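Here is what each chain is made of, one letter per residue.
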6 protein chains.
Amino acid sequence: MFTKMVLLFVIFLNIYVSLASDPDPVQDFCIANTAESATASNAIQCKNSSLATVEDFVYSGIKSPGKFGQTGLSAISVNSNVFPGLNTLGMSFVRADFEVGGVNVPHYHPRATETAFVLEGKIYSGFVDTNNKIFAKVIERGEVMVFPKGLVHFQMNVGDTPATILGSFNSQNPGLQRIPTSIFGSGIKDELLEKAFGLSSKEIAKLKKKLSPH
Amino acid sequence: MFTKMVLLFVIFLNIYVSLASDPDPVQDFCIANTAESATASNAIQCKNSSLATVEDFVYSGIKSPGKFGQTGLSAISVNSNVFPGLNTLGMSFVRADFEVGGVNVPHYHPRATETAFVLEGKIYSGFVDTNNKIFAKVIERGEVMVFPKGLVHFQMNVGDTPATILGSFNSQNPGLQRIPTSIFGSGIKDELLEKAFGLSSKEIAKLKKKLSPH
Amino acid sequence: MFTKMVLLFVIFLNIYVSLASDPDPVQDFCIANTAESATASNAIQCKNSSLATVEDFVYSGIKSPGKFGQTGLSAISVNSNVFPGLNTLGMSFVRADFEVGGVNVPHYHPRATETAFVLEGKIYSGFVDTNNKIFAKVIERGEVMVFPKGLVHFQMNVGDTPATILGSFNSQNPGLQRIPTSIFGSGIKDELLEKAFGLSSKEIAKLKKKLSPH
Amino acid sequence: MFTKMVLLFVIFLNIYVSLASDPDPVQDFCIANTAESATASNAIQCKNSSLATVEDFVYSGIKSPGKFGQTGLSAISVNSNVFPGLNTLGMSFVRADFEVGGVNVPHYHPRATETAFVLEGKIYSGFVDTNNKIFAKVIERGEVMVFPKGLVHFQMNVGDTPATILGSFNSQNPGLQRIPTSIFGSGIKDELLEKAFGLSSKEIAKLKKKLSPH
Amino acid sequence: MFTKMVLLFVIFLNIYVSLASDPDPVQDFCIANTAESATASNAIQCKNSSLATVEDFVYSGIKSPGKFGQTGLSAISVNSNVFPGLNTLGMSFVRADFEVGGVNVPHYHPRATETAFVLEGKIYSGFVDTNNKIFAKVIERGEVMVFPKGLVHFQMNVGDTPATILGSFNSQNPGLQRIPTSIFGSGIKDELLEKAFGLSSKEIAKLKKKLSPH
Amino acid sequence: MFTKMVLLFVIFLNIYVSLASDPDPVQDFCIANTAESATASNAIQCKNSSLATVEDFVYSGIKSPGKFGQTGLSAISVNSNVFPGLNTLGMSFVRADFEVGGVNVPHYHPRATETAFVLEGKIYSGFVDTNNKIFAKVIERGEVMVFPKGLVHFQMNVGDTPATILGSFNSQNPGLQRIPTSIFGSGIKDELLEKAFGLSSKEIAKLKKKLSPH
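What counts, and at which threshold
Residues numbered from 1 in each chain as written. Chains lettered and ligands numbered in written order. Predicted model: local features only at pLDDT ≥ 70, side-chain atom pairs only at ≥ 80, totals over all residues. Heavy atoms only, no water. Axes fitted to C-alpha atoms, helices over the stretch in contact; angles between N-to-C directions. Helix = DSSP H or I, 4+ residues; strand = E, 2+ residues; numbered from the N terminus. Parallel < 35°, antiparallel > 145°, perpendicular 65-115°, else oblique. Contact = heavy atoms within 4.5 Å. Nonpolar A, V, L, I, M, F, W, Y, C, P; charged D, E, K, R; others polar. Least-squares fit on C-alpha atoms with pLDDT ≥ 70 in both. Buried < 20%, exposed > 50% of the residue type's maximum accessible area, 1.4 Å probe, protein only. Arc of directions from axis to C-beta. Buried area = accessible area lost by both parts, 1.4 Å probe. Salt bridge = Lys/Arg side-chain N within 4 Å of Asp/Glu carboxyl O. Polar contact = N/O pair within 3.5 Å; in protein donor to acceptor, adjacent residues only side chain to side chain. Pairing = 2+ DSSP bridges. Phe/Tyr/Trp six-rings, centres within 6.5 Å; stacked < 30°, edge-to-face > 60°. Lys NZ or Arg CZ within 6 Å of the ring centre and 35° of its normal. UniProt positions renumbered as here; feature names shortened; annotations may be inferred.

> Looking at this model, I keep getting lost on the packing of helix α3 (residues 190-197) of chain F against helix α4 (residues 201-211) of chain F. Mind explaining?
The description of two helices packed together rests on the angle between their axes and the distance between the axes. All names here are of chain F. Direction vectors running N to C along α3 and α4 enclose 105 degrees, while the axes themselves pass 9 Å from each other. Put simply, α3 runs roughly perpendicular to α4. From α3, Asp190, Leu193 and Glu194 reach across to α4, where they touch Ser201, Ile204 and Lys208. Split by residue class, the contact of α3 with α4 holds 2 nonpolar, 1 polar and 3 charged.

So, in structure tokens, the structure goes:
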């Protein structure tokens, strides 16, 4: 019976994940259940509003940076899967910390515009539009840059101190597609990549080796 | 002729103001023209994308607080009228600074959800849902609270140092309706207000005196 | 087993409540199940369209006024929770009856525009925009006033006979936030309210006493 | 010069007509200019909100029935072209009066759901879903029927007194496609209609004669 | 237990049908479960993305025409019920084959615009707008005609060889309302139809006989 | 005066480009004016519907392939700028022809889902989701593949004859961002690209040389 209940709640979770839609909620809010709570006896898809508490609407997990990666970036994405109170509210956010010289690789969010507010440091920041035109400059503490919905953008800490950005999105789950790994780390046919980038099979192999997940 | 041209560009501005819509842009971006540029010879409703520069997507006007008001609050709202690069991108933001004990009066945004990130200080922050239930607590530096679309919310600096919040919205122009002035400072019939709040005409008169714009 | 089934259907109900969205249905209609029918063996989240009958699309509960409240108002809100046939169709409505001098207190609907049609009587009716400008006048039988989405509005029967209004909304669940009770009856900190309205703690206490639900 | 100005304002009118969109306005309201006012010196696409008055939000033109047509119906459609205050607010309405036996021919609204409230009389009222299933019954004073977005519906006064309905729509311009005239009065090739309805060319000619506009 | 599981999955299916919405998905994709797979133990509302395969996004069922009907038309509609990978992606399509002289009867799609690409043949193709104006002409191989959302349209093969069209829609489930059967084959009161079309009861009876489903 | 008129119409064009929105048109259609017609005396933003003809809704420019590029691809994108009749209708399309071995480089459309129908040939076709998982296979004549909104996708003709695809989009202007040129041909800082792809400055220089527009 227990496993059956678990299965059912997994199903509910997936229903929620699959059907919630950003625009025009039809209730004040809808707190989604996290996997942790999903097996509790009072677990329901949309927490009964009478059981909601202020804690459901406050997130305390980005007071400090997370783990830094290879390119000197630590990014904590807070979407409705992490912060269930965002469900149906059409917003989410991210804290990005940069080591000196740290890079946020070229990427885009398929489902949202982003406004990036510089909390600390000097960041070379920009995006590329569909006419292949670049818009980039160094922005500093207190400045805000907007990255239009779905366009490739990137950042690098060009200052000599750590840098931090707070990004906000107009979707509860903007999605993130990192160019280097999605192109060279996903398994696209070598021949296609060779022609697309004008590289030799050896060069492609090298890129794949570097950028494939291990 | 000059005045006629001015009139025409005012018209274009109003067209833009009236018709832009948050969801689903049909181009990468559309930089609206500001009143300042509207009379220039190359002024067009949606700046030709080939004339766009990175400056159109960076806002530098909230590096420091603005002027403080009666309740100890300074709020700088940055919507698409102030930052034309936001036009059609479905986002905007606000910087709110609080003196010790400063208050952001009960208000709501008719067209957006808000995520409020605490940059500094201790803020008593909350909202009321349509079942008249309050969700409020003191949030601190690095914490984020979400105010669901269209619900009344409020804030007060309960710390003993100044406080600052960065709010983000999922509309290019969320709108702001402050309860005290909209109810007692807009000119609603006294008799109606007396019955609605169970107050005497003298009490209503006193509230109106305090809360009407001078 | 029975209780388990009940629990499951409660879950489905909540799924529906949490995820339905006003715009762009992807089927002709989707009749939501009411709590009453939810335990019936053929109860499903979206009633099988082959089981739908014309009764699912007709509402007969506003032929006469409901119970009148303290301010001389009787309002029957008919949203998709009351009239399941409205689910996914993006509309709902309300019948409001006013005693002589009856008042519909300042309130707003976070998720809808309202068109109010006067069935009987003379109603002082108006709204306040986000520039704090009031738009109000007395409207009569056969006249229609529109209240833009999310703006505070109010009504009072200024005639010497009972009055009735039919309101329509462009959301299946517009929501309703009454200003007096949401501000003074929800439990917002006294100190904040005192500063927001420029009132003494004694005056706030009096308002709270009057406007808190008992 | 005058004619040029007129031409320009006609252009603005067309811009408005072409680009306004129902969902998610980005301002409180936007009062469109009517043809009448379009040549006035202060005419602008979206009336400056400081010039707006309460009259812009009240419609008084459906206090009584309009002219009755061949099938015993009088319908006054009030959309944003007729009532400019509805522009960007996502709603409109119609008053329909029926002589005894009067018929509202099968039709549909491509861009809206309709809620029909019976003000007077007994109306046989119904719609057909995309599975070709009919939902119809006689509704009476005070009852409300909902017609899902885009589905064919129809009405007939089956009582022995005149009847009146107030219809509301969730679009500022729902559109109206009457089946008899759109099929037989628009000029579709006879051969196609003969095969579609299994009628002889003589029968089609007769229908066309009856249903073509004169 | 088995039947109970079946019931539950039927419920999930209906939840999906009732709540999915075309605009703005909040995940990359959501593969709905077909009735066939719904009883399998790993069946969930939205297939776990880690279980998705490329086959979920490829449809091979329209390589050749389907069965031809009375009017010489074979139409295979591929919506999200048939091709679950389309769920939440806001698109669907149809293959229509015409015998010589074959007719696609006047119909419309309540929830989508259609772009029709001619794969083979000469097709008389057109639509009627809400001003009752017809837009029709013969289109040939390689030409594309657009039918605006919700407007009545029709097609006939006027060439002397079979013809084929590929139609695309901007909804995962556009819906289809065929005029002849929805009007004369659904059971609308004879008296209403007689008045609407100016036909005798004998003529209506004849039409009903021809157009009612057997 | 003439140049002034031209300027004005350019402005209107830009207004149109900036404000049209995919969802929920509020009229049957709105034919945008092309630059060519914009200086004609009857040129208006949204062609007066009484002047619209069937030609405005038929596109004949993709009967045959266009010019082939370096990677053996010819793509003719037909959006609302090319085919003004699509304006406000939420759809557009593309014809893509492939030489033997021809490649459609990894790219994505920020504003639309795509359904790709194979008219001729054998195409290796796929996309990468935001979990970096690839979905790819060889599809053949008559098969359809769907590329979810905003995800990177690609194609290569792996047959020994030319291949052709018809793509459809659920936006009037989906946008196109080609990865190779947007990353290496747009002018992103070398240092950032070196860190992002783990390449030497010499390797980056070589890629830039190949992929920058000349």
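> Which parts of the structure should I look at to understand the relation of the copies chain C and chain D?
Two copies of the chain are present, and they differ by a rotation about an axis and a shift along that axis. If you rotate chain C by 180 degrees and push it 0.0 Å along the axis, it lands on chain D with an RMSD of 0.0 Å. Between the two chains, the operation in question is that of a two-fold axis. Taking the C-alpha atom as reference, chain C places Asn170(C) closest to the rotation axis, 2.5 Å from it. A shared interface surface links the copies, since 100% of the contact residues of chain C are contact residues in chain D too.

> What exactly am I supposed to notice about helix α3 (residues 190-197) of chain E here?
Residues that lie three or four places apart on an α-helix share one face, since the helix turns once every 3.6 residues. All names here are of chain E. Burial in α3 covers these residues: Leu192, Leu193, Ala196 and Phe197. Down the axis of α3, the buried set is contained in an arc of 110 degrees. They therefore lie on one face. Gly198 sits one or two residues past α3 and shows a positive phi near 65 degrees.

> Sorry, what's going on with the interface of chain C and chain D here?
Opposite the 49 residues of chain C that make contact, chain D presents 50 residues. Both faces combined, the contact of chain C with chain D buries some 4,000 Å², and carbon together with sulfur accounts for 65% of it. On the chain C side of the contact with chain D, Asp28(C), Met91(C) and Val144(C) bury the most area, a combined 15% of that side's loss. Counting across the interface, chain C meets chain D through 4 salt bridges. For the salt bridge of Lys137(C) with Glu55(D), the shortest nitrogen-to-oxygen distance reads 3.2 Å. Across the chain C-chain D interface, the total number found is 23 residue pairs in polar contact (both at pLDDT 80 or more). Two strands pair when backbone bridges link them, and strand β1 (residues 58-59) of chain C and strand β8 (residues 144-147) of chain D are joined in this way by 2 bridges, in the antiparallel orientation. By the bridge assignment for β8(D), Val58(C) is matched with Met145(D).

> Just to check I follow, could you spell out the sheet that holds strand β9 (residues 152-157) of chain A for this structure?
In a beta sheet, neighbouring strands are held together by backbone hydrogen bonds and run either parallel or antiparallel to one another. Taken together, 5 strands build an open sheet; the order of strands is β7-β6-β9-β4-β11 (chain A) and the sheet is antiparallel. In this open sheet, the two edge strands, each paired with only one partner strand, are β7 (134-140) and β11 (177-178) of chain A. The pairing of strand β4 (residues 103-108) of chain A with β11(A) spans 2 bridges and is antiparallel. Counterpart to His107(A) in the pairing with β11(A) is Arg178(A). Against the sheet, α3(F) touches β4, β6 (122-128) and β9 of chain A, its axis set at about 80 degrees to β4(A).

> Help me out: how do you make sense of the sheet that holds strand β9 (residues 152-157) of chain F in this one?
Sheet architecture is open: 5 strands sit in the order β7-β6-β9-β4-β11 (chain F), paired in antiparallel fashion. Single-partner strands in this sheet number two, and they are β7 (134-140) and β11 (177-178) of chain F. Against the sheet, helix α3 (residues 190-197) of chain A makes contact with β4 (103-108), β6 (122-128) and β9 of chain F, and its axis sits at roughly 85 degrees relative to β4(F), the strand it touches most.

> When you look at α4(F) in this model, what are you seeing that I'm missing?
Ile204(F), Leu207(F), Lys208(F) and Leu211(F) are the residues of α4(F) that are buried. The buried residues of α4(F) all sit within an arc of 100 degrees when viewed along its axis, so they share a single face. For α4(F), exposure combined with an orientation more than 90 degrees from the buried face picks out Lys202(F) and Lys209(F). Tucked inside the fold, the buried residues of α4(F) contact α3 of chain A together with α2 (179-184) and α3 of chain F.

> I'm lost on the packing of aromatic side chains in this one. Help?
The geometry of an aromatic ring pair is captured by two quantities: the separation of the ring centres and the angle between the planes. For the structure on display, the rule yields 75 aromatic pairs over all chains. A ring pair is formed by Phe57(E) and Phe127(F), whose centres lie 4.9 Å apart and whose planes are at 85 degrees; its orientation type is edge-to-face. Of the two residues, Phe57(E) is situated in the loop between α1 (2-19) and β1 (58-59) and Phe127(F) in strand β6; the pairing between them involves two chains. Of the two residues, Phe57(E) and Phe127(F), neither departs from the other in class, the shared state being buried. Note that Lys189(D) overlies the ring of Tyr124(E), its terminal NZ or CZ placed 4.8 Å from the centroid.

> Teacher, can you tell me more about the environment of His107(A) here?
Residues and elements named next belong to chain A. With respect to the helices, strands and loops of the structure, His107 is situated in strand β4. Looking at His107, the relative accessible area reads 4%, which means it is buried. Note: C-alpha distance between His107 and Ser49 (58 residues apart in sequence) is 37 Å. Every residue in contact with His107, bar those within four places of it in the chain, is listed here: Leu151, Val152, His153, Leu176, Gln177, Arg178 and Ile179. A polar contact is formed between the side chain of His107 and the backbone oxygen of Val105, at a distance of 2.7 Å.

> Help me understand the UniProt feature "binding site: Mn(2+)" (unreviewed entry) in chain A in this model?
All names here are of chain A. In the numbering used here, UniProt assigns the feature "binding site: Mn(2+)" (unreviewed entry) to His107, His109, Glu114 and His153. Across 47 residues, the annotated set stays spatially compact, with a maximum C-alpha separation of 12.0 Å. Relative to the elements of secondary structure, His153 occurs in strand β9. Contact partners of His153, with chain neighbours within four places excluded, come to Val105, Pro106, His107, Tyr108, His109, Glu114, Gly126, Phe127 and Phe147.

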